[in-house]
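# Inside the fold
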Amino acid sequence: MRTRLPVRITLERSEGSGRWASTVWQAVAVVPEGDPAVSDSPQLVLQLHRKETEGYRTNLAADRAVYVVLRPGPDGTASEPFLATVCPFEAQDYADDADSHVDAVPMPTSVAAWVTAFVRRHHVDEPFRKRKRGPRSSPESFARPPRSQR
(Lines give C-alpha, C1' and ligand atoms only; values in the text may rest on other atoms or scores of the structure.)
Protein backbone atom coordinates (compact mmCIF):
# COMPACT_ATOMS: atom_id res chain seq x y z
CA MET A 1 0.00 0.00 0.00
CA ARG A 2 1.33 3.44 -0.92
CA THR A 3 2.08 5.71 2.00
CA ARG A 4 3.00 8.76 -0.11
CA LEU A 5 0.84 10.69 -2.55
CA PRO A 6 2.11 13.69 -4.53
CA VAL A 7 -0.42 16.52 -4.62
CA ARG A 8 -0.60 19.98 -6.15
CA ILE A 9 -1.64 22.93 -4.02
CA THR A 10 -3.65 25.77 -5.55
CA LEU A 11 -3.02 29.12 -3.88
CA GLU A 12 -5.15 32.24 -4.09
CA ARG A 13 -3.76 35.73 -3.60
CA SER A 14 -5.67 38.56 -1.97
CA GLU A 15 -4.80 41.98 -0.65
CA GLY A 16 -4.07 42.14 3.07
CA SER A 17 -6.21 44.33 5.30
CA GLY A 18 -3.52 45.39 7.77
CA ARG A 19 -0.51 47.60 7.34
CA TRP A 20 1.85 44.66 7.96
CA ALA A 21 0.45 42.29 5.33
CA SER A 22 0.11 43.75 1.85
CA THR A 23 -0.53 40.36 0.21
CA VAL A 24 -2.15 37.29 1.70
CA TRP A 25 -1.83 33.81 0.19
CA GLN A 26 -4.32 31.09 1.01
CA ALA A 27 -4.49 27.44 -0.04
CA VAL A 28 -7.85 26.84 -1.74
CA ALA A 29 -7.51 23.41 -3.36
CA VAL A 30 -5.51 20.20 -3.26
CA VAL A 31 -5.40 18.00 -6.36
CA PRO A 32 -3.67 14.61 -6.70
CA GLU A 33 -0.60 14.82 -8.94
CA GLY A 34 -2.07 12.82 -11.83
CA ASP A 35 -4.90 15.32 -12.42
CA PRO A 36 -4.10 17.40 -15.54
CA ALA A 37 -6.40 20.24 -14.40
CA VAL A 38 -3.68 21.87 -12.32
CA SER A 39 -0.18 22.07 -13.73
CA ASP A 40 1.46 25.25 -12.42
CA SER A 41 0.70 24.79 -8.71
CA PRO A 42 3.24 24.01 -5.99
CA GLN A 43 3.78 20.33 -5.33
CA LEU A 44 3.87 18.65 -1.92
CA VAL A 45 3.66 15.04 -0.80
CA LEU A 46 0.97 13.71 1.52
CA GLN A 47 2.51 11.04 3.69
CA LEU A 48 0.63 8.59 5.92
CA HIS A 49 2.04 7.05 9.09
CA ARG A 50 0.71 4.00 10.95
CA LYS A 51 0.91 5.74 14.33
CA GLU A 52 -1.38 8.60 13.20
CA THR A 53 -4.40 6.57 12.11
CA GLU A 54 -6.51 7.90 15.01
CA GLY A 55 -6.06 11.42 13.62
CA TYR A 56 -6.97 10.26 10.12
CA ARG A 57 -10.14 8.62 11.46
CA THR A 58 -11.07 11.85 13.24
CA ASN A 59 -10.58 13.82 10.02
CA LEU A 60 -12.59 11.37 7.89
CA ALA A 61 -15.46 11.41 10.39
CA ALA A 62 -15.72 15.20 10.61
CA ASP A 63 -13.79 17.65 8.43
CA ARG A 64 -12.60 15.61 5.46
CA ALA A 65 -9.89 18.18 4.92
CA VAL A 66 -6.31 18.34 3.75
CA TYR A 67 -4.43 20.77 5.95
CA VAL A 68 -1.89 22.91 4.12
CA VAL A 69 0.79 24.58 6.22
CA LEU A 70 2.12 27.85 4.78
CA ARG A 71 5.30 29.55 5.95
CA PRO A 72 6.95 32.83 4.92
CA GLY A 73 9.12 32.55 1.85
CA PRO A 74 12.78 33.58 1.62
CA ASP A 75 11.84 37.22 1.02
CA GLY A 76 9.68 37.18 4.15
CA THR A 77 6.55 38.49 2.44
CA ALA A 78 4.93 35.75 0.36
CA SER A 79 3.76 32.53 1.99
CA GLU A 80 4.86 29.22 0.53
CA PRO A 81 3.36 25.76 1.03
CA PHE A 82 5.53 23.86 3.50
CA LEU A 83 3.51 20.74 4.36
CA ALA A 84 0.27 18.97 3.47
CA THR A 85 -1.25 16.58 6.00
CA VAL A 86 -4.54 14.82 6.65
CA CYS A 87 -3.90 14.54 10.41
CA PRO A 88 -5.74 17.30 12.30
CA PHE A 89 -3.50 16.80 15.34
CA GLU A 90 -0.36 17.48 13.30
CA ALA A 91 -2.04 20.50 11.70
CA GLN A 92 -2.90 21.88 15.14
CA ASP A 93 0.74 21.65 16.17
CA TYR A 94 1.69 23.85 13.21
CA ALA A 95 -1.25 26.21 13.82
CA ASP A 96 0.16 26.87 17.30
CA ASP A 97 3.44 28.02 15.70
CA ALA A 98 3.52 31.79 15.16
CA ASP A 99 5.49 31.45 11.90
CA SER A 100 2.99 29.09 10.25
CA HIS A 101 -0.48 29.49 8.82
CA VAL A 102 -2.72 26.44 8.32
CA ASP A 103 -5.52 26.28 5.74
CA ALA A 104 -8.08 23.46 5.74
CA VAL A 105 -8.86 22.56 2.13
CA PRO A 106 -11.64 20.15 1.07
CA MET A 107 -10.28 16.63 0.67
CA PRO A 108 -10.73 15.25 -2.86
CA THR A 109 -12.72 12.01 -3.08
CA SER A 110 -9.74 10.04 -4.38
CA VAL A 111 -7.60 11.20 -1.45
CA ALA A 112 -10.37 10.28 1.03
CA ALA A 113 -10.55 6.79 -0.50
CA TRP A 114 -6.76 6.43 -0.22
CA VAL A 115 -6.75 7.53 3.44
CA THR A 116 -9.75 5.29 4.26
CA ALA A 117 -8.01 2.23 2.77
CA PHE A 118 -4.85 3.03 4.76
CA VAL A 119 -6.81 3.38 8.02
CA ARG A 120 -8.70 0.12 7.44
CA ARG A 121 -5.44 -1.70 6.87
CA HIS A 122 -3.30 -0.19 9.63
CA HIS A 123 -5.49 1.14 12.47
CA VAL A 124 -5.31 -0.71 15.78
CA ASP A 125 -7.59 0.36 18.62
CA GLU A 126 -5.58 1.04 21.75
CA PRO A 127 -7.21 -0.62 24.76
CA PHE A 128 -8.03 1.67 27.67
CA ARG A 129 -5.69 1.06 30.57
CA LYS A 130 -6.58 2.49 33.91
CA ARG A 131 -3.59 3.73 35.82
CA LYS A 132 -2.94 2.16 39.17
CA ARG A 133 -3.02 4.59 42.01
CA GLY A 134 -0.48 4.27 44.76
CA PRO A 135 -0.97 5.27 48.37
CA ARG A 136 0.60 8.71 47.75
CA SER A 137 -1.97 9.59 45.10
CA SER A 138 -4.98 9.57 47.41
CA PRO A 139 -6.74 12.93 47.89
CA GLU A 140 -6.01 12.79 51.62
CA SER A 141 -2.26 12.79 50.98
CA PHE A 142 -2.51 16.20 49.32
CA ALA A 143 -4.67 17.82 51.99
CA ARG A 144 -3.04 20.57 54.02
CA PRO A 145 -3.27 20.33 57.76
CA PRO A 146 -5.53 22.89 59.45
CA ARG A 147 -3.88 26.19 60.46
CA SER A 148 -4.16 25.32 64.11
CA GLN A 149 -1.89 22.28 63.61
CA ARG A 150 0.88 24.08 61.69
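What counts, and where the lines are drawn
- Residues numbered from 1 in each chain as written.
- Predicted model: local features only at pLDDT ≥ 70, side-chain atom pairs only at ≥ 80, totals over all residues.
- Heavy atoms only, no water.
- Salt bridge = Lys/Arg side-chain N within 4 Å of Asp/Glu carboxyl O.
- Helix = DSSP H or I, 4+ residues; strand = E, 2+ residues; numbered from the N terminus.
- Pairing = 2+ DSSP bridges.
- Axes fitted to C-alpha atoms, helices over the stretch in contact; angles between N-to-C directions.
- Phe/Tyr/Trp six-rings, centres within 6.5 Å; stacked < 30°, edge-to-face > 60°.
- Lys NZ or Arg CZ within 6 Å of the ring centre and 35° of its normal.
- Core = buried A, V, L, I, M, F, W, Y, C linked by side-chain atoms within 4.5 Å.
- Buried < 20%, exposed > 50% of the residue type's maximum accessible area, 1.4 Å probe, protein only.
- Contact = heavy atoms within 4.5 Å.

## Some words on the pattern of salt bridges
- Enumeration according to the criterion identifies four salt bridges in this entry.
- Across the pair Arg57 and Glu54 runs a salt bridge whose closest N-O atoms are separated by 3.9 Å. Taken together, the residues span about one helical turn, with Arg57 and Glu54 both in helix 1 (residues 53-61) at a distance of three residues.
- The residue Arg57 makes a salt bridge to Asp125 at a minimum N-O spacing of 3.1 Å. With Arg57 in helix 1 and Asp125 in the loop between helix 3 (109-122) and helix 4 (139-142), this residue pair connects regions lying 68 residues apart in the sequence.
- Through salt bridges with shared partners, one network takes in Glu54, Arg57 and Asp125.

## Some points on the sheet that holds strand 3 (residues 43-47)
- On the basis of which strands lie adjacent, the open sheet formed by three strands has the order 2-1-3 and antiparallel pairing. The outermost strands of the open sheet, each flanked by one partner alone, are strand 2 (23-32) and strand 3. Direction aside, the axes of adjacent strands within the sheet are offset by 40 degrees on average.
- Across nine bridges, the pairing between strand 1 (residues 4-15) and strand 2 is antiparallel.

## A few points about the packing of aromatic side chains
- Under the criterion given, the structure shown has two aromatic pairs.
- Taken together, a centroid distance of 6.2 Å and an interplanar angle of 70 degrees make the contact between Tyr56 and Phe118 edge-to-face. Taken together, the positions of Tyr56 in helix 1 and Phe118 in helix 3 put the pair 62 residues apart, joining distant regions of the chain.
- One cation-aromatic arrangement involves Arg71 over Phe82; the distance from NZ or CZ to the ring centre is 4.1 Å.

## Notes on the nonpolar core
- With 24 residues, the main nonpolar core has Leu46 and Val115 as its most contacted residues.
- Of all the elements in the fold, those that place two or more residues in this core are strand 1, strand 2, strand 3, helix 1, strand 4 (65-72) and helix 3.
- A total of six residues in this core trace back to one element, the largest contributor, which is helix 3.
- Leave out the neighbours within four places in its chain, and Val115 touches Leu48, Tyr56, Leu60 and Val86.

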